Amino acid sequence: SYWYETGKKDQLRISLARSKDARTWRREAAPVLETGPVGAWDERAVADPYVIRTGGYFYMYYLGQDRAVRQRIGVARSSDGAHWEKLRTNPIVEMDEEERGIGEPAVWQSHGFYWMLYTVRDFAENRFLRLARSTDGVRWTKLAVLYKGTQAWNSKVICDPTVVVDGGRILVWFG
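Keep in mind that what you see is a predicted model, and the values were worked out from it rather than measured. (Residues numbered from 1 in each chain as written. Predicted model: local features only at pLDDT ≥ 70, side-chain atom pairs only at ≥ 80, totals over all residues. Heavy atoms only, no water.)

## Here we look at the pairing of strand 13 (residues 169-173)
The cut-off we apply is this: Any two strands between which DSSP finds at least two bridges are classified as paired. Numbering goes from the N terminus for both helices and strands, where a helix is a DSSP run of H or I of at least four residues and a strand is a run of E of at least two.
Across five bridges, the pairing between strand 12 (residues 162-166) and strand 13 is antiparallel. Within strand 13, the residue paired with Val 163 across the bridge is Val 172. Linkage of strand 12 to strand 13, two consecutive antiparallel strands, is achieved through a turn of two residues, within which Gly 167 is found at a positive phi near 65 degrees.

Written out as structure tokens, the structure reads:
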């Protein structure tokens, strides 16, 4: 299964494609996660899906955007990967005052915690990664850990993390 964002810039939704052989894909006819109602924290867009499976459920972490273009991170739960229920505790990660936007969450479990790397966009349009930790995958504590580029090729933007746990190692790919 592969979850991805579809739609127009001001009305993004999350869709699903499935494959039995990872070569031939079949898209579901309708999006699997819709925007929220008028006035909701995610009324304008749901995007940047990152799905993990734990305890018999799929958990989708995603960006939600409201009409004031505030971006936050939320979570939805599914037993089959196609029918999702947004948690009432959403949004689960808020922007700070010095942040212009957040999104692109990557979540994994390690050492008894859930961990989330996510992209932060500042007011100078630089992007970097920030780390948060949770005991339940829903209530998150932002840590003081920031990952910023120090070389010419990554000094302005580090974004869109993907995480793989390989035994005792945590491997991170990023843009």
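Moving on, there is more to tell.
## Let's talk about the sheet that holds strand 5 (residues 57-65)
If you trace the four strands from one edge of the open sheet to the other, you get 4-5-6-7, paired in antiparallel fashion. At either end of the open sheet lies a strand with only one pairing partner, and these are strand 4 (45-54) and strand 7 (85-86). Judged from the two bridges that link them, strand 6 (residues 71-78) and strand 7 form a sheet pairing that is antiparallel. In the sheet register, Ala 76 faces strand 7, and the bridge partner there is Lys 86.

## Points about the sheet that holds strand 2 (residues 13-18)
Across the sheet, which stays open at both edges, the three strands sit in the order 1-2-3 with antiparallel pairing between neighbours. One side of each edge strand has no neighbouring strand; the edge strands of this open sheet are strand 1 (2-6) and strand 3 (26-27). Where strand 2 lies against strand 3, two bridges are found, and the strand directions are antiparallel. Residue pairing for strand 3: Arg 18 is matched across the bridge by Arg 26.

## A few points about the pairing of strand 4
Here is the key point about a regular strand: its side chains alternate between the two faces of the sheet. We count it as follows: Throughout, exposure labels follow a simple rule: accessible area from a 1.4 Å probe, protein chains only, divided by the maximum for the residue type, with under 20% read as buried, over 50% as exposed, and the rest as partly exposed.
Buried residues dominate strand 4, accounting for seven of its 10 residues. Bridge analysis of strand 4 against strand 5 gives eight bridges, and the strand direction is antiparallel. In the strand pairing of strand 5, Ile 52 is matched with Tyr 59. Adjacent in sequence and paired antiparallel, strand 4 and strand 5 are bridged by two residues, among which Gly 55 carries a positive phi angle near 60 degrees.

## Topic: a nonpolar patch on the surface
How we decide: Residues enter patches when they are more than 30% accessible in relative terms and free of salt bridges; like-charged ones are connected within 9 Å and nonpolar ones (Val, Leu, Ile, Met, Phe, Trp, Tyr) within 5 Å. Each accessible area value is a Shrake-Rupley result obtained with a 1.4 Å probe; residue values ignore everything except the protein chains displayed when judging cover. Any carboxyl oxygen of Asp or Glu within 4 Å of a side-chain nitrogen of Lys or Arg constitutes a salt bridge here.
There is a patch of nonpolar side chains on the surface, built from Trp 153, Val 165, Ile 170, Val 172 and Phe 174 and spanning about 450 Å² of accessible area. Along the chain, Val 165 turns up in strand 12.

## A short note on the packing of aromatic side chains
How we decide: Side-chain rings of Phe, Tyr and Trp, where Trp is taken by its six-membered ring, are said to pair if the distance between their centres is within 6.5 Å; with planes under 30 degrees apart they count as stacked, over 60 as edge-to-face, and otherwise as tilted.
Scanning all chains against the criterion turns up nine aromatic pairs. Judged by centre distance (5.8 Å) and plane angle (65 degrees), the rings of Phe 113 and Trp 115 are edge-to-face. For Trp 115, a relative accessible area of 16% translates into the label buried. For the ring pair Trp 153 and Phe 174, a centre distance of 6.3 Å and an interplane angle of 15 degrees mean the geometry is stacked.

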